[in-house]
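Overview (structure and organization)
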Amino acid sequence: MEKIKIAFFDTKPYDKKSFTAVNEDFGYEIKYFKNHLNPDTVSLAKNYDFVCAFVNDDLSGEVIMSLAEYNIGMVAMRCAGYNNVDLKTAYQNIHITRVPAYSPYAVAEHTVALMLSLNRKTHKAYYRIRDNNFTINGFLGFDMHGKTAGVIGTGKIGRLLIDILNGFGMKVLAYDTYPNKELEKSAKAVYVTLDKLYAESDIISLNCPLNSKTYHIINDDAIAKMKDTVMIINTGRGPLIDTKALIKGLKTRKIGSAGLDVYEEENDYFFEDFSQEVITDDILARLITFNNVLITSHQAFFTQEALLNIATTTLNNIRDFREGKALVNEVCYKCDDNCRKLKGGRCF
């Protein structure tokens with residue numbers, strides 16, 4: 001029997017390592033391309049059965065139609081996000097699947113790592129000691145114990161974050177359009193309005209999905225309602241924060257510090273090496289200049305366990321398609337809660 005052939009785009013060393021290991025249980029033939037998928041490279045997918053793509057690949061209408069012409073029935077996104085996919089063009093032309101969750105523990109733990117680093121300035125202390133400078137002036141932090149944290153979004157990641165913050169002895173305020181009933185009954189967090197969360201939180205963490213209601217949920221008006229010197233952490237999605245408003249808040253010192261694992265225009269920079277080039281994104285360049293801003297390059301998910309989960313789910317999505325099974329991780333232009341149930345487990 002001929003092996004299933006997968007064209008794998010935007011390959012990083014860690015991708016190849018994790019997928020090669022997991023593929024031992026699947027036996028697919030995977031061709032790893034370093035190139036991003038775009039109109040100039042889409043021809044590399046000819047004579048393959050599936051395409052595996054990532055957040056920085058171009059899945060515009062032009063690319064989607066080219067893949068359809070090559071008789072590729074499905075693109076397996078090895079990520080949760082799919083804003084780079086033209087779902088309208090893909091509908092009834094090519095199936096799109098994703099990995100909805102990698103490791104909620106990884107993201108929750110990285111969120112706390114940003115909080116602790118910003119608070120106790122450990123990232124700055126590292127460089128000071130390397131210069132044989134053993135002073136601690138400028139490193140004054142605060143006890144997490146007894147402070148109030150506001151968690152926006154109480155899905156898996158948010159709930160795990162709340163557990164960790166409880167361990168510090170923090171009071172936790174929570175906001176979600178769909179409150180978790182079990183969490184509501186527990187003493188771990190108290191659901192409040194956004195305004196109350198803004199007004200009372202010493203640290204605010206964004207762990208909610210990006211949609212029309214949460215786009216720029218942190219904006220000028222929201223920041224004005226916050227405590228002075230509030231710490232803002234975003235390990236969710238870049239556009240949850242109006243970055244221009246964030247910069248204003250930092251300049252006026254209304255915002256005491258910010259930890260960002262995501263950024264509104266991150267697709268142009270994150271996951272790539274620009275160390276020999278000039279950053280032309282003026283907003284990102286300005287953020288980097290603040291000594292009270294800590295930016296990581298969308299690495300909150302980046303653990304061994306998460307990479308194995310990504311590879312396993314992605315290859316399972318391909319196997320389900322090949323075997324005619326329900327595509328539980330499919331996303332499509334016209335999808336709703338009952339879409340796959342009504343159409344035999346697939347959106348079309």
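Overview of the structure. If you're wondering where the values come from, they're calculated on a predicted model, not measured in any experiment. (Residues numbered from 1 in each chain as written. Predicted model: local features only at pLDDT ≥ 70, side-chain atom pairs only at ≥ 80, totals over all residues. Heavy atoms only, no water.)

Comments concerning the overall build of the chain
- Along the chain, the regular secondary structure elements total 13 helices and 13 strands.
- Taking 2.2 N^0.38 as the reference for a compact globule, 348 residues should give roughly 20 Å; the C-alpha atoms of the chain span a radius of gyration of 22 Å, in line with that estimate.
- Taken across its 348 residues, the chain has 50% of its residues classed as buried.
- Counting every atom, the chain has about 17,900 Å² of accessible surface; 50% of that belongs to carbon and sulfur.
- Between the averaged position of the 42 positive side-chain charges in the chain and that of its 43 negative side-chain charges there is a distance of 4 Å. (Helix = DSSP H or I, 4+ residues; strand = E, 2+ residues; numbered from the N terminus. Rg over C-alpha atoms; globule rule 2.2 N^0.38 Å. Buried < 20%, exposed > 50% of the residue type's maximum accessible area, 1.4 Å probe, protein only. Areas by Shrake-Rupley, 256 points an atom, 1.4 Å probe, with all protein chains shown as cover. Lys, Arg positive; Asp, Glu negative; His and termini not counted. Charge placed at Lys NZ, Arg CZ, Asp CG, Glu CD.)

Here's the deal with the nonpolar core
- If you look at the biggest cluster of nonpolar residues, it comprises 84 residues, and the most contacted ones within it are Val 51, Leu 59, Leu 67, Ile 96 and Tyr 198.
- Take this core: its biggest share by element is 7 residues, from helix H12 (residues 304–322).
- If near-sequence neighbours (up to four positions away) are discounted, Tyr 198 is found in contact with Ile 152, Ile 204, Ile 217, Ile 218, Ala 222, Lys 225, Met 226 and Lys 227.
- Ranked by size, the runner-up nonpolar core spans 22 residues in total, among them Ala 108, Leu 160, Ile 162 and Met 170. (Core = buried A, V, L, I, M, F, W, Y, C linked by side-chain atoms within 4.5 Å. Contact = heavy atoms within 4.5 Å.)

A look at the packing of aromatic side chains
- Scanning the model with the defined rule gives 12 aromatic pairs in all.
- Ring centres 5.5 Å apart and planes at 40° place the aromatic pair Phe 26 and Tyr 28 in the tilted group.
- The ring of Tyr 48 is capped by Lys 5, whose NZ or CZ atom sits 5.2 Å from the centre of that ring. (Phe/Tyr/Trp six-rings, centres within 6.5 Å; stacked < 30°, edge-to-face > 60°. Lys NZ or Arg CZ within 6 Å of the ring centre and 35° of its normal.)

Considerations on the pattern of salt bridges
- Evaluated as defined, the whole model comprises 10 salt bridges.
- The closest approach of N and O atoms between Glu 200 and Lys 196, which form a salt bridge, is 2.6 Å. Of this pair, Glu 200 and Lys 196 are both found in helix H8 (residues 194–200), 4 residues apart, which corresponds to roughly one turn of the helix.
- With its nearest N and O atoms 3.0 Å apart, the salt bridge here joins Lys 227 to Asp 202. One end of the pair, Lys 227, is in the loop between helix H9 (220–224) and strand S10 (230–234); the other, Asp 202, is in the loop between H8 and strand S9 (203–206), and 25 residues separate them in sequence. (Salt bridge = Lys/Arg side-chain N within 4 Å of Asp/Glu carboxyl O.)

Some details on the sheet that holds strand S5 (residues 95–97)
- Spatial strand order, S2-S1-S3-S4-S5-S13: 6 strands in an open sheet with mixed pairing. Looking at strand neighbours, the two that pair on one side only are strand S2 (29–32) and strand S13 (330–331), the edges of this open sheet.
- When strand S4 (residues 74–77) meets S5, the two strands line up parallel, connected through 3 bridges. From the neighbouring strand, Met 74 faces S5, where its bridge partner is His 95.
- Sheet strands touched by helix H1 (residues 13–22): strand S1 (5–8), S2 and strand S3 (50–53). Its angle to S2, the strand with the most contacts, is close to 175°.
- Sheet strands in contact with H12 are S1, S3, S4 and S5, and its direction is about 160° off that of S4. (Pairing = 2+ DSSP bridges. Axes fitted to C-alpha atoms, helices over the stretch in contact; angles between N-to-C directions.)

Any link to function would need more than the numbers given here.
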